[in-house]
2 protein chains.
Amino acid sequence: MPESEEISKGLEDVNIKWTRLTTIDGEKGILKYGGYSIEDIVNNNALAEEIQYLFLYGELPTMEQLKNFRKKIEEGYNVPDFVIDIIRKLPRESDAVAMQMTAFASLAAKETNFKWNKETNRDVAAVQIGRMVAITANVYRHIMGMDPVKVKPYPTEAETFLRATFGRDVTKDEIDAMNTALILYTDHEVPASTTAGLVAVSTLSDIYSGVTAALAALKGPLHGGAAEAAIAQFAEIGSVENVEKWFNENILTGKRRLMGFGHRVYKTYDPRAKIFKRIAEKLIARSEEAKKYYQIATKLEELGIKNYGIKGIYPNTDYYSGIVYMSIGFPLRNNIYTALFALSRITGWQAHFIEYVEEQHRLIRPRAVYRGPGDRKFVRIEERK
Amino acid sequence: MPESEEISKGLEDVNIKWTRLTTIDGEKGILKYGGYSIEDIVNNNALAEEIQYLFLYGELPTMEQLKNFRKKIEEGYNVPDFVIDIIRKLPRESDAVAMQMTAFASLAAKETNFKWNKETNRDVAAVQIGRMVAITANVYRHIMGMDPVKVKPYPTEAETFLRATFGRDVTKDEIDAMNTALILYTDHEVPASTTAGLVAVSTLSDIYSGVTAALAALKGPLHGGAAEAAIAQFAEIGSVENVEKWFNENILTGKRRLMGFGHRVYKTYDPRAKIFKRIAEKLIARSEEAKKYYQIATKLEELGIKNYGIKGIYPNTDYYSGIVYMSIGFPLRNNIYTALFALSRITGWQAHFIEYVEEQHRLIRPRAVYRGPGDRKFVRIEERK
């Protein structure tokens with residue numbers, strides 16, 4: 001029997017590990033990666049791959065270190081053929097995150113003798129970042145009815161990904177927006193996806209299985225699905241004129257929850273949301289649809305904060321990110337926006353796994369409190385009523 | 001910041017949920033499913049599908065209820081073609097559990113609008129049990145170089161599975177052993193696999209993704225891999241004459257751990273191990289190899305208990321289960337024994353998911369304690385040293 005009968009609902013306030021990666025001050029709305037505030041990172045035009053290096057190695061890379069790191073990522077672009085074949089066997093109307101998950105599970109299938117090892121963990125992680133780029137591009141292309149693609153490296157990861165995905169030239173604005181989105185979703189301590197992956201790798205399962213478990217959690221509407229839910233809500237409202245009426249009828253009455261608002265940890269404006277909002281504002285001129293959604297979103301935000309800000313309920317990172325993805329050119333379908341979240345978050349997942357396995361490993365095995373029937377005597381089926 | 005800096009290592013002594021399913025008395029070595037001791041269940045020749053019903057509905061089924069339940073399971077046998085195609089695309093030397101995981105991830109891909117619903121959850125779970133039977137049979141057949149199979153129902157699930165898998169007639173002894181193995185691995189409260197799945201479904205991700213996450217954790221050598229590790233150890237010892245020497249050199253010296261011995265919860269003989277041992281004893285006449293391993297295992301058990309029993313380290317469920325699987329006819333390769341564990345455990349996973357989502361749902365989101373660098377100022381790469 002467990003020592004206590006108390007249940008830690010949602011594991012809230014349970015510390016599952018320590019970390020050097022990310023720190024969140026939910027009261028003040030501050031997010032830092034390894035001591036660097038995300039505003040500082042974004043304002044200095046950091047590249048996503050510099051931040052990935054920071055997560056895996058604890059320091060920002062020199063030019064030379066970044067070059068070598070990129071080589072490893074590029075190795076990963078060359079995904080085994082059977083993985084691409086498997087993606088193409090999935091129905092085209094599939095959920096994009098589950099398609100990524102299927103691809104990662106298939107990579108795990110080859111790991112019959114995976115060993116966590118301080119000498120190789122970071123190289124494996126870098127290769128896997130490259131795999132994720134190639135898998136996500138191919139998932140997108142399969143959904144859109146395009147041919148599979150072999151990923152060719154361009155100067156930055158964001159450009160590489162966008163060119164492989166869309167199969168066309170891309171603009172500096174698109175690359176910059178994609179790069180920032182990659183950075184903003186890199187890590188957020190230990191949400192459900194990271195936790196599911198940690199539980200998996202605590203059995204010393206391989207790193208691909210860890211990512212698979214994390215994707216399984218990210219797929220859920222209460223986690224990764226929030227960006228799509230937020231923009232679906234803007235679509236439903238339909239026009240900026242309708243915002244107030246819709247808000248009064250659906251949200252103020254308590255009938256529905258405001259999507260993209262509120263966060264278990266932040267009790268003020270999510271710092272990532274501020275940056276996404278800024279990028280959205282810059283990009284929306286590219287798309288009439290995104291522009292309309294942006295106008296709806298800002299009006300809705302006003303009403304939301306006016307009514308719920310006092311309770312600590314503010315826009316979270318998913319509120320404006322969908323508009324950014326849409327402005328870059330990604331359609332709102334098949335849960336693609338959540339797959340883009342995963343493309344970025346894989347680094348955080350891996351960095352937490354490595355921290356856990358290398359320095360604080362213990363099999364994760366909580367308990368459950370029994371509240372079922374007392375002793376019963378088995379009655380054979382012929383005699384059961 | 002989290003309220004406390006204390007870390008719950010491995011979530012030991014943290015209660016993640018309550019349950020009506022399984023209760024373990026680790027001190028006395030008692031395991032009960034819904035109040036029925038597993039000895040009572042096995043001694044009364046219960047069928048695996050009766051126990052699956054007990055897990056999902058809380059009561060043992062009447063004849064009529066069992067008939068309807070079986071119909072749902074049989075629906076599941078008819079797996080979509082693309083799932084079988086995907087299994088066949090995986091390299092034949094793949095890990096069997098990761099192959100199951102890939103298949104379940106591909107089933108999740110179709111769940112673009114999954115809703116947890118009290119009216120349908122149990123039907124979905126029953127269908128999924130059938131899917132697992134068909135997937136596992138096809139995973140086995142692909143590994144062994146056999147054709148894919150459409151599963152045809154026979155009177156019991158154990159018989160159905162063995163006939164589909166081996167493609168031959170099966171004996172009563174084989175069916176009985178398979179049936180008991182299915183029952184013994186049905187559930188064990190909230191080990192890592194169940195916990196990983198719970199974290200995934202706490203985001204309201206679909207049930208297929210929940211099973212995928214659970215499989216990701218089960219694949220690890222510290223969890224599902226133990227049965228194979230135990231029998232691999234018997235193989236390494238090689239002969240009953242060599243047991244004592246091997247034990248003295250490897251275990252007593254502390255160089256290595258005794259596989260299949262010791263358990264986070266049990267501090268005495270695992271009640272499942274007793275039953276597996278009994279079945280193994282009965283079956284080993286069928287296979288010279290299994291017989292040899294059994295003799296090695298019993299001799300090694302003696303030494304293990306003599307030296308470590310006083311510390312509460314006894315054989316666990318995985319110690320003899322591999323010998324049983326081998327006696328039935330499953331080869332020791334590709335992690336197949338762990339896939340057989342999963343075939344059984346899927347019911348426990350699903351039953352815990354349903355309990356959690358229906359009655360005690362909360363997003364699982366623990367915290368991490370930050371122990372990284374203090375505030376740092378971003379330096380651009382050109383200026384970094």
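Shown above is the structure to which this text applies.
Residues numbered from 1 in each chain as written. Chains lettered and ligands numbered in written order. Predicted model: local features only at pLDDT ≥ 70, side-chain atom pairs only at ≥ 80, totals over all residues. Heavy atoms only, no water.

**Q** Describe in detail the packing of helix H10 (residues 207-218) of chain B against helix H16 (residues 336-359) of chain B, supporting the description with residues and values.
**A** Residue and element names in this part refer to chain B. Where H10 contacts H16, the axes come no closer than 10 Å and their chain directions differ by 135 degrees. As judged from the angle between their axes, H10 and H16 are oblique. Both H10 and H16 take part in a crossing whose hand is right-handed. For the pair H10 and H16, the contacting residues are Ile207, Gly210, Val211, Ala214, Leu215 and Leu218 in the first and Thr338, Phe341, Ala342, Ile346, Trp349, Gln350 and Phe353 in the second. Here the residues of the contact of H10 with H16 are counted per class, giving 10 nonpolar, three polar and no charged. (Axes fitted to C-alpha atoms, helices over the stretch in contact; angles between N-to-C directions. Helix = DSSP H or I, 4+ residues; strand = E, 2+ residues; numbered from the N terminus. Parallel < 35°, antiparallel > 145°, perpendicular 65-115°, else oblique. Left-handed = near helix turned anticlockwise from the far one by under 90°. Contact = heavy atoms within 4.5 Å. Nonpolar A, V, L, I, M, F, W, Y, C, P; charged D, E, K, R; others polar.)

**Q** Break down the sheet that holds strand E4 (residues 36-37) of chain A for me, citing the residues and quoting the values.
**A** Residue and element names in this part refer to chain A. The strand order across the open sheet formed by three strands is E2-E3-E4, and the pairing between neighbours is antiparallel. Only two strands of the sheet have a single partner each, and these edge strands are strand E2 (22-25) and E4. Where strand E3 (residues 30-33) lies against E4, two bridges are found, and the strand directions are antiparallel. Across the sheet, Tyr33 pairs through a bridge with Tyr36, a residue of E4. (Pairing = 2+ DSSP bridges.)

**Q** Describe the relation of the copies chain B and chain A, naming the residues involved and giving the relevant values.
**A** Between chain B and chain A, which share one sequence, the superposing operator has a rotation angle of 180 degrees and an axial displacement of 0.0 Å; the RMSD is 0.0 Å. The two molecules are tied by a two-fold rotation axis, judged by turn and shift. Across chain B, the smallest distance between a C-alpha and the rotation axis is recorded for Ala213 of chain B, namely 2.1 Å. (Least-squares fit on C-alpha atoms with pLDDT ≥ 70 in both.)

**Q** For the sheet that holds strand E4 (residues 36-37) of chain B, give the residues involved together with the corresponding values.
**A** Residues and elements named next belong to chain B. Here three strands make up an open sheet; going across it, the order is E2-E3-E4 and the pairing antiparallel. Because the sheet does not close on itself, it has two edges, and the strands there are strand E2 (22-25) and E4. Alignment of E2 against strand E3 (residues 30-33), held across four bridges, turns out to be antiparallel. Counterpart to Asp25 in the pairing with E3 is Ile30.

**Q** Describe the environment of Asn242 of chain B, naming the residues involved and giving the relevant values.
**A** Of note, Asn242 of chain B is situated in the loop between helix H11 (226-237) and helix H12 (243-252). Separated by 61 residues in the primary sequence, Asn242 of chain B and Ala181 of chain B place their C-alpha atoms 29 Å from one another.

**Q** Summarise the nonpolar core; cite the residues concerned and give the values.
**A** Judged by nonpolar contacts, the single largest core of 282 residues is most densely connected at Ile323 and Phe330 of chain A together with Ile323 and Phe330 of chain B. Each residue touching Ile323 of chain B, except ones within four places of it in the same chain, is listed here: Ile231, Phe234, Ala280, Ile284, Ala290, Tyr293, Tyr294 and Ala297 of chain B. (Core = buried A, V, L, I, M, F, W, Y, C linked by side-chain atoms within 4.5 Å. Buried < 20%, exposed > 50% of the residue type's maximum accessible area, 1.4 Å probe, protein only.)

**Q** I'd love a proper account of the interface of chain B and chain A, names of residues and values included.
**A** Taken together, the contact between chain B and chain A spans 116 residues of the former and 116 residues of the latter. Of the roughly 10,000 Å² buried where chain B meets chain A, counting both sides, 58% is carbon and sulfur surface. Summed over the shared surface of chain B and chain A, the number is 18 salt bridges. Between Glu50 of chain A and Arg384 of chain B there is a salt bridge, and its shortest N-O distance comes to 2.5 Å. Here chain B is connected to chain A by 66 residue pairs in polar contact (both at pLDDT 80 or more). If you tally residues by element for the side of chain B that touches chain A, the top one is helix H5 (residues 96-109) of chain B, at eight residues. A class-by-class count of the residues in the side of chain B that touches chain A yields 52 nonpolar, 31 polar and 33 charged. (Buried area = accessible area lost by both parts, 1.4 Å probe. Salt bridge = Lys/Arg side-chain N within 4 Å of Asp/Glu carboxyl O. Polar contact = N/O pair within 3.5 Å; in protein donor to acceptor, adjacent residues only side chain to side chain.)

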